[in-house]
Amino acid sequence: MLEILITVGILALVINVIAIFSVDVFKTSGSIQSSLTAQQDARNVLRQLTSELRTASPSSVGAYPIAEAGDNRIRFYSDIDNDGLKEEVIYYLSGDGKTIYKDVRKPSGGPLSYTGGFNTSTIIRDVANGATPLFQYYDRNYDGTTAPLSPVNIPDVRLVKATIVIERDPNRSPVPITVTTQIVLRNLKDNL
């Protein structure tokens with residue numbers, strides 16, 4: 001009888017260790033999967049932003065390609081749907097700093113004007129930029145180590161650096177994911 005109790009006790013201990021290990025493996029796997037998904041989401045956002053901002057050009061009514069350049073907001077004109085008209089595009093961080101939105105407005109009327117409503121879409125959630133600006137701006141003298149423009153003089157902007165920090169669950173590892181890209185404004189390039 002004593003041998004059976006010892007065997008059952010050892011078996012219960014082994015099962016308990018295996019169960020704890022399995023739970024840890026599943027938690028770690030879930031965290032890693034969440035981290036990889038967050039990283040892929042941020043890369044997709046930056047890929048879309050890069051494509052649209054790189055082709056910024058004067059609006060359909062003749063306004064300068066960049067209309068606004070703030071730390072957490074950029075407004076520019078680009079033909080994002082290839083219809084021959086330049087849409088007004090705004091990327092901005094929400095007031096609580098946790099979501100990036102995109103507003104798009106098509107010009108309409110005759111003569112054309114940007115007076116209609118915006119089509120707003122949520123680009124990415126779980127943003128954790130904090131004090132890190134979403135956008136930084138550089139002039140034609142940028143060499144990789146140059147400080148960003150401060151204050152920003154819009155006609156001097158030739159390169160935009162976009163940084164997104166994503167943290168799906170601040171209470172769990174891993175640390176936040178930071179994804180950065182640098183976008184050269186092709187239609188404003190003047191240092192050939």
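See the structure printed just above.
Right, let's walk through the structure included here. (Residues numbered from 1 in each chain as written. Predicted model: local features only at pLDDT ≥ 70, side-chain atom pairs only at ≥ 80, totals over all residues. Heavy atoms only, no water.)

1. A closer look at the overall build of the protein
The test is simple: Here a strand is any run of E in DSSP of at least two residues, a helix any run of H or I of at least four, and the numbering for each starts at the N terminus. For a compact globule the rule gives 2.2 Å times the number of residues to the power 0.38, and the radius of gyration it is set against comes from C-alpha atoms. The contact criterion used throughout is that any non-hydrogen atoms of two residues lie within 4.5 Å. Exposure was quantified through the Shrake-Rupley algorithm and a 1.4 Å probe, taking into account, for residues, occlusion by the shown protein chains and nothing else. Counting rule for charge: Lys and Arg are taken as positive, Asp and Glu as negative, and neither His nor the chain ends is counted. All charge positions are set by atom: Lys at NZ, Arg at CZ, Asp at CG, Glu at CD.
Of regular secondary structure, the protein possesses 1 helix and 8 strands. Overall, the protein shows an N-to-C arrangement of helices and strands of α-β-β-β-β-β-β-β-β. Its C-alpha atoms give the protein a radius of gyration of 25 Å, more than 25% over the compact-globule value 16 Å for 192 residues. Dimensions along the principal axes, computed over C-alpha positions, put the protein at roughly 95 × 40 × 30 Å. Considering only contacts in the protein between residues 6 or more positions apart, those separated by 24 or more positions represent 51%. For the protein, the accessible area works out to roughly 11200 Å², and carbon and sulfur atoms hold 56% of it. Each charge class in the protein can be summarised by its mean position, and for the 19 positive and 20 negative side chains these summaries are 4 Å apart.

2. Some details on unusual backbone geometry
Note the cut-off: Exposure is judged per residue with a 1.4 Å probe applied to protein chains only, and the accessible area is read against the type maximum: over 50% gives exposed, under 20% gives buried, and values in between give partly exposed.
Following Gly110, the chain continues into Pro111 via a peptide bond in cis, with omega recorded as 0°. Along the chain, Pro111 turns up in the loop between β4 (99-105) and β5 (119-125). Each neighbour pair has its own omega, and for Ser150 with Pro151 the value is -5°, a cis peptide bond. Within the element layout of this structure, Pro151 appears in the loop between β6 (135-138) and β7 (159-166). One non-glycine residue, Asn82, lies in positive phi territory at about 55°. Structurally, Asn82 is set in the loop between β2 (73-78) and β3 (87-93). The exposure class of Asn82 is exposed, given its relative accessible area of 69%. The phi torsion at Asp126 lies on the positive side, around 65°, for a residue other than glycine.

3. Digging into the sheet that holds β5
Which entries qualify depends on this criterion: A pair of strands is labelled paired if DSSP reports no fewer than 2 bridges between them. Whenever a helix is involved, its axis is fitted only over the stretch in contact; in every case the axis is a line through C-alpha atoms, and angles between N-to-C directions fall within 0 to 180 degrees.
One open sheet holds the 5 strands; their spatial order is β1-β2-β3-β4-β5, and the pairing between them is antiparallel. Looking along the sheet, the strands with just one partner apiece sit at the ends: β1 (66-70) and β5. Here the average twist between neighbouring strands, direction ignored, is 20°.

4. With respect to helix α1 (residues 2-54)
Put simply, the test is: In this analysis, the expected span of each helix is defined as 1.5 Å times one less than the number of residues it contains.
With 53 residues, α1 should cover 78 Å at 1.5 Å per step; its first-to-last C-alpha distance of 77 Å lies within 8% of that length. Buried within α1 are the following residues: Ser31, Ser35, Ala38, Ala42, Val45, Leu46, Leu49, Thr50, Glu52 and Leu53.

5. Some remarks on the pattern of salt bridges
Which entries qualify depends on this criterion: Just to be clear on terms, a salt bridge is a Lys or Arg side-chain nitrogen sitting within 4 Å of an Asp or Glu carboxyl oxygen.
Within this structure, the stated rule accounts for 8 salt bridges. With its nearest N and O atoms 2.6 Å apart, the salt bridge here joins Lys102 to Glu52. Of this pair, Lys102 sits in strand β4 while Glu52 sits in helix α1, and the two are 50 residues apart along the sequence. Assessed through its relative accessible area of 7%, Lys102 is described here as buried. Counted as one network, the salt bridges with shared partners bring together Glu68, Arg73, Arg75, Glu88 and Arg105.

6. Things to note about the sheet that holds β7
Read across the open sheet, the 3 strands follow the order β6-β7-β8; overall the sheet is antiparallel. The sheet terminates laterally at β6 and β8 (177-184), the two strands that pair on one side only. When strand polarity is set aside, the average angle formed by the axes of neighbouring strands in this sheet is 15°. Pairing analysis gives 8 bridges linking β7 to β8, with the strands arranged antiparallel. Bridge assignment links Ala162 to a residue of β8, and that residue is Thr181. Strands in contact with α1 are β6, β7 and β8; relative to β8, the strand with the most contacts, it is inclined by about 15°.

7. Some points on the packing of aromatic side chains
This is how the line gets drawn: Two rings from Phe, Tyr or Trp (for Trp, the six-membered ring) form a pair when their centres are within 6.5 Å of each other. A pair whose planes differ by under 30 degrees is stacked, one over 60 is edge-to-face, and the rest are tilted. We call a charge positioned above a ring when the Lys NZ or Arg CZ atom is no farther than 6 Å from the ring centre and deviates by at most 35 degrees from the ring normal.
Tallied over the entire structure, the rule returns 4 aromatic pairs. Directly above the ring of Tyr92 sits Arg73, whose terminal nitrogen or CZ lies 5.4 Å from the centroid.

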